[in-house]
Amino acid sequence: MRRATPPTSTILFTLTLTLAGCSSLEAMSNAMKSDPPGHGQQTELTGKAPAARTVRDLRGNIARLEQARHTGGGYLQTLVQHEDASVRLKATTALGRMRLEDYGRNVTGALMVALDDNVATVRRAAAFALGVRGDSSCADSLIEATEDEDPDVRAQVWLAMGRLNDSKLRVAGLRGFKDVESIAQRAACQAIFYWPKESEHWAQAGSGLAQIAKDGAQEARWMALFTLARREELRGDWMPFLDALSTPEVPVLEQLFATLGLARSAKKIVDSGTAKERQGDILHSALERSALHEDVRIATEALRGLKALGRGLSAPVREHVLTHKNKHVRTAGLQALAPDHRSAEFATALTQDHSPMVRRAAFEVLVGLNPSASVPIVREWARSGEYRQRRAAAIVANKLGPKEAQAVLFSLLADKHPQVVAAAIEGLVPYESHATRARVHELCGHQDNGITLAAIGTIAEWEVTAKDLPFLIEAYDRAEGDIGPEVRFNALLAAAKLIGPEPVAFLRIAVSDPDGYVAQVAREQLEKRGAKIPTDTAPPRADLLAPQMAPEVDKNLGNPRVSIETTRGTLVLELFPTAAPTHVHSFLDLVARGYYDGLTWHRVVSDFVVQGGCYRGDGNGSGTWRGPEDSLGQEFNPLSYATGALGMPRNQNPDSGGNQIFITHRPTPHLDSRYTLFGQMVSGWDTLQEIEEGDLIVEIRRQH
């Protein structure tokens, strides 16, 4: 049960907060202008906070500080002791979004106070925040909190113990397998997913997960299978997967992740060259059974495993999947065909399929089976009026001979669609030469940031040389506007691969970049080199009253809902303004403007996600309700990515959300606490499975 009295460290921290004061408006305003101890690169806040006459005003002040990633010189820490629970919850949530590198144990201590709150939702938020911030100094408090009376709190505690890189916490976290509540037991299974590779306790974890997969709580069994499937360190024993698939009436999610585990095991043994005939037979048989499953996600994963095995498909399975009503299954079936002349017949038959995704898969199979004879058709696709076919030509070009491949790829560098150009640039990676490098150099600093980003990525795949550096600097200097910061920090990362002192001057200049994340990358790369970091550069500035804040949502109105009409049907989603208020407001504001109407789903990955809402159509479009060059700060929260979860895409910078969206085909726990989740689909499951790359978002409308 939850402890009745806080530990001594928490009492001392509470006393510190009490002595700190900040109860008056004057003290609060002064605190907001001061930097916390030890925060050398703190964002400077200007302006005076509005008078906090009401609880609503206080929550507004907290929201402003959270947006600016500032504690107000300790002001947020004092509010974890406020008399109003909604203020304590909002302050705790905001503190969890303060980077450990910027705010150390002074924030961790406040979260430890919140972990002893008398309201369970506050304790839950504190446990979540302690896990995502990565400060293991809270280890003792977390271990004590495993006795909390609330299962939702314990669930976040078990997850936090897995996320923190601390051997003591990993050992203690194994006790979560015996938690009596299914939601907490499930979290204990998920926590193992976050362990570092070098952990010495994998054997214990694997044994515990296998036991849960066999006879644990139903809600925990699929999560145990997910973790066993996703972590290579746990994939030595296939029995949990085979047992789950042989159990009568096994729930769909258990079958899905057991199939995923077998598919990944197949890839592992083939890649390692350790496959034995008997092992291959067992895997092949089990995966073929799953390929016949009515759930398209299970069938798709099984076919991916069969592709990895490389044995092809038996006649009954081949007939079933190549004539399946679902395009994802037909596509995966084509990709799993054996590399023989019979497969060419089947692929040829599907070149006239009504689905562009299936036609592209058939095209790729045919080119792979006979590259030398496929040059004309690849050239034909490269000249197609359909951008998806031109992109497919760029992707498949590497199966041709080097001369023919480069001819196709170079021709597509001038394409009008950015996705095609990016694919062509990426396709040049195997053909590094003076001429190829010179052409890619020309594309660095291109007026289209998406093309520049692809060029930087290709240079980074090669051995970076001093001759690349001027072009990376040019790309950095010219990167403004849409995804400009992403171009700049990728240019820095590519330059940092150059061995020698040449990039140091470049990195030192970038420490003063106006974008905080770009400046952070520059500092980190200098630190890795042991180079001196400039001390006379002004840190990035932010105004306390900026950026424009999302208005607080009236909870009495309930969660808003939207309908997304697509060319395949309609999806209905419920949004979660309490969990991610800024993301929900930005999305709804753009919806009200008709921003999404007519845009595409530019990325579809079978049994994973559909992603769309990019005005460019290639995933490099950014912007929010505040403007085209704006981005959203992360609002990671304890919600889990279930089937149909609505999430926000981002780049390596956690605070780079924008106008795009993605929706998941299945539970994706590996995205939890890494991508902001701000909604959940409530209807349209069949439509979701029909969406493919290039389909349209016809319109999005708010229902209420």
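Residues numbered from 1 in each chain as written. Predicted model: local features only at pLDDT ≥ 70, side-chain atom pairs only at ≥ 80, totals over all residues. Heavy atoms only, no water.

A. Expanded view of the overall build of the chain. If you tally the helices and strands in the chain, you get 33 helices and 10 strands. Radius of gyration (C-alpha) of the chain: 27 Å, near the 27 Å computed for a compact globule of 704 residues. Oriented by its inertia axes, the alpha-carbon framework of the chain measures out at about 80 × 60 × 55 Å. Expressed as a percentage of the 704 residues in the chain, the buried residues total 57%. A sequence separation of at least 24 residues applies to 69% of the contacts in the chain between residues at least 6 apart. Total accessible area computed for the chain in this model is approximately 29,300 Å², and 51% of it derives from carbon and sulfur atoms. Positive and negative side-chain charges in the chain, numbering 79 and 86 respectively, have mean positions lying 1 Å apart. (Helix = DSSP H or I, 4+ residues; strand = E, 2+ residues; numbered from the N terminus. Rg over C-alpha atoms; globule rule 2.2 N^0.38 Å. Buried < 20%, exposed > 50% of the residue type's maximum accessible area, 1.4 Å probe, protein only. Contact = heavy atoms within 4.5 Å. Areas by Shrake-Rupley, 256 points an atom, 1.4 Å probe, with all protein chains shown as cover. Lys, Arg positive; Asp, Glu negative; His and termini not counted. Charge placed at Lys NZ, Arg CZ, Asp CG, Glu CD.)

B. Quick peek at the nonpolar core. Judged by nonpolar contacts, the single largest core of 101 residues is most densely connected at Leu142, Ile192, Leu303 and Leu334. For Leu334, the residues in contact, after removing those within four places along its chain, are Leu322, Ala347, Leu350, Val358, Ala361, Ala362 and Val365. (Core = buried A, V, L, I, M, F, W, Y, C linked by side-chain atoms within 4.5 Å.)

C. Layout of unusual backbone geometry. Look at Ile483: it is not a glycine, yet its phi comes out positive at around 50°. Looking at the element boundaries, Ile483 is found in the loop between helix H28 (469-478) and helix H29 (484-495). One non-glycine residue, Ser673, lies in the positive phi region at around 65°. Relative to the helices and strands, Ser673 resides in the loop between strand S8 (661-664) and strand S9 (677-683).

D. Expanded view of the environment of Lys214. Assignment of secondary structure puts Lys214 in helix H12 (residues 202-215). Given a relative accessible area of 65%, Lys214 falls into the exposed group.

E. Expanded view of the packing of helix H22 (residues 375-382) against helix H23 (residues 387-396). Interaxial distance between H22 and H23 falls to 7 Å at its minimum, and their mutual angle equals 140°. Our classification of the angle between H22 and H23 gives oblique. Seen from H22, the contacting residues are Val378, Trp381 and Ala382; seen from H23, they are Gln389, Arg390, Ala392, Ala393 and Val396. Residues of the contact of H22 with H23, tallied by class, amount to 6 nonpolar, 1 polar and 1 charged. (Axes fitted to C-alpha atoms, helices over the stretch in contact; angles between N-to-C directions. Parallel < 35°, antiparallel > 145°, perpendicular 65-115°, else oblique. Nonpolar A, V, L, I, M, F, W, Y, C, P; charged D, E, K, R; others polar.)

F. How the structure looks around helix H11 (residues 182-191). Most of H11 sits out of view: 8 of its 10 residues are buried. Residues of H11 that are buried include every one of Ala184, Gln185, Arg186, Ala187, Ala188, Cys189, Gln190 and Ala191, and no others. Those residues of H11 that are buried are in contact with helix H9 (151-163), helix H10 (167-173), H12 and helix H13 (218-230).

G. Quick peek at the sheet that holds S9. Taken in spatial order, the 8 strands line up as S3-S4-S9-S7-S8-S6-S5-S10 and close into a barrel, and their pairing is antiparallel. Along the sheet, successive strands turn relative to each other by an average axial angle of 35°, direction set aside. The strands touched by helix H32 (residues 581-592) within the sheet are strand S3 (561-566), strand S4 (569-575), S8, S9 and strand S10 (696-702), with S10 carrying the most contacts at an inclination of about 110°. (Pairing = 2+ DSSP bridges.)

H. View of the pattern of salt bridges. For the structure on display, the rule yields 38 salt bridges. Linking Arg99 and Glu101 is a salt bridge whose minimum nitrogen-to-oxygen distance equals 3.4 Å. For Arg99, a relative accessible area of 28% gives the class partly exposed. For Glu101, a relative accessible area of 59% translates into the label exposed. Residue Arg437 is joined to Glu432 by a salt bridge in which the shortest nitrogen-to-oxygen separation is 3.1 Å. (Salt bridge = Lys/Arg side-chain N within 4 Å of Asp/Glu carboxyl O.)

I. The arrangement of the packing of aromatic side chains in detail. Overall, the coordinates contain 13 aromatic pairs when judged by the stated rule. Taken together, a centroid distance of 5.3 Å and an interplanar angle of 90° make the contact between Tyr476 and Phe506 edge-to-face. Of this pair, Tyr476 sits in helix H28 while Phe506 sits in helix H30 (residues 504-510), placing them 30 residues apart in sequence. Judged by its relative accessible area of 10%, Tyr476 is buried. Looking at Phe506, the relative accessible area reads 6%, which means it is buried. Ring centres of Phe662 and Tyr675 lie 6.1 Å apart, and the angle between their planes is 80°; on these two criteria the pair is classed as edge-to-face. Residue Phe662 is found in strand S8, and its partner Tyr675 is found in the loop between S8 and S9; the two are separated by 13 residues along the sequence. Members of the aromatic cluster, each reached through a chain of ring pairs, are Phe193, Tyr194, Trp222, Phe226 and Phe257. (Phe/Tyr/Trp six-rings, centres within 6.5 Å; stacked < 30°, edge-to-face > 60°.)

J. Geometry of helix H26 (residues 434-443). Every buried residue of H26 is listed here: Thr436, Arg437, Val440, His441 and Leu443. Along the axis of H26, the buried residues cluster in a sector spanning 155°; they form a single face. Set apart from the buried face of H26 by more than 90 degrees, the exposed residues are His434 and Glu442. Immediately downstream of H26, the backbone of Gly445 shows phi near 80°, a positive value. (Arc of directions from axis to C-beta.)

K. Examining the side chain of Asn637 more closely. Along the polypeptide, Asn637 turns up in the loop between strand S6 (609-612) and strand S7 (645-647). We classify Asn637 as buried; its relative accessible area is 7%. A distance of 3.1 Å separates a polar atom in the side chain of Asn637 from the backbone nitrogen of Leu639. A distance of 3.1 Å separates a polar side-chain atom of Asn637 from the backbone oxygen of Leu677. Ignoring sequence-local partners within four residues, the contact set of Asn637 consists of Arg97, Phe128, Ala579, Ala580 and Leu677. (Polar contact = N/O pair within 3.5 Å; in protein donor to acceptor, adjacent residues only side chain to side chain.)

L. Local environment of the packing of helix H3 (residues 55-68) against helix H5 (residues 85-95). Remark: H3 packs on H5, axes separated minimally by 10 Å, with the N-to-C direction vectors making an angle of 0°. Regarding the angle of H3 to H5, the classification is roughly parallel. Contacts between H3 and H5 involve Val55, Leu58, Arg59, Ile62, Ala63 and Glu66 from the former and Ser86, Val87, Lys90, Ala91 and Ala94 from the latter. The class makeup of the residues in the contact of H3 with H5 is 7 nonpolar, 1 polar and 3 charged.

M. Region of the structure containing the pairing of S10. Where S3 lies against S10, 5 bridges are found, and the strand directions are antiparallel. From the neighbouring strand, Ile564 faces S10, where its bridge partner is Ile700. Relative to S10, strand S5 (residues 599-605) is paired through 2 bridges, and the arrangement is antiparallel. Each bridged residue has a counterpart across the sheet, and for Leu599 the counterpart in S10 is Ile697.

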